[in-house]
Amino acid sequence: MIRVEIIANQSVQDEIVNNLVKVIPDFYYSIIPLVHGRGKDSFKLGTTTWPETNFILIAYIQDDAEHSVQTVIEYIKKKFTTEGIKLFVLHDHCSTEKK
């Protein structure tokens, strides 16, 4: 079992969730819907100055579904190149970012 964390602009949340649900049987997840912070290129603070916000999706999936998650996120990143989509996969207490 692995832990998947996806952080992205709220504008792509439905796209990410819908695609993951289509390709991974019994894909169960939790979403933290309103996330403020600073990324590499901009702030996401939900204010008039920095109006955008992010979300975080957390899921625990079988090891063999990791490739499916990576494929979905790669597809969405190509479709939405400016939305700051990040995928993190945690294996046995160590974290790696999947580009």
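See above for the structure.
Reading guide: rules and limits
Residues numbered from 1 in each chain as written. Predicted model: local features only at pLDDT ≥ 70, side-chain atom pairs only at ≥ 80, totals over all residues. Heavy atoms only, no water. Salt bridge = Lys/Arg side-chain N within 4 Å of Asp/Glu carboxyl O. Buried < 20%, exposed > 50% of the residue type's maximum accessible area, 1.4 Å probe, protein only. Helix = DSSP H or I, 4+ residues; strand = E, 2+ residues; numbered from the N terminus. Polar contact = N/O pair within 3.5 Å; in protein donor to acceptor, adjacent residues only side chain to side chain. Pairing = 2+ DSSP bridges.

J.: What's the story with the pattern of salt bridges in this structure? I'm lost.
T.: Pairing between side chains of opposite charge can happen when the charged atoms of each approach one another. Evaluation of the coordinates by the stated rule reveals 2 salt bridges. Linking Glu5 and Arg3 is a salt bridge whose minimum nitrogen-to-oxygen distance equals 2.6 Å. Assessed through its relative accessible area of 18%, Glu5 is described here as buried. When its relative accessible area of 23% is taken as the criterion, Arg3 is described as partly exposed. Of the charged contacts in the structure, one is a salt bridge between Glu15 and Lys79, with a shortest N-O distance of 2.9 Å. Taken together, the residues Glu15 in helix α1 (residues 13–23) and Lys79 in helix α2 (residues 66–79) connect sequence positions 64 residues apart.

J.: Can you walk me through the side chain of Glu66 in this structure?
T.: Inspection of the secondary structure assignment puts Glu66 in helix α2. At 3.2 Å, the side chain of Glu66 and the side chain of His91 are in polar contact.

J.: Even after reading the chapter, I still don't get the pairing of strand β5 (residues 54–61), so can you show me in this structure?
T.: Two faces, one strand: in a regular strand the side chains alternate between the faces of the sheet. Counting buried positions over the 8 residues of β5 gives 7, a clear majority of the element. Across 8 bridges, strand β1 (residues 2–9) lies against β5 in antiparallel orientation. Bridged to Arg3 within β5 is Tyr60. Across 4 bridges, the pairing between strand β2 (residues 30–35) and β5 is antiparallel. If you follow Ile31 over to β5, its bridge partner there is Leu57.

Scope: geometric values only; no functional claims are made or implied.
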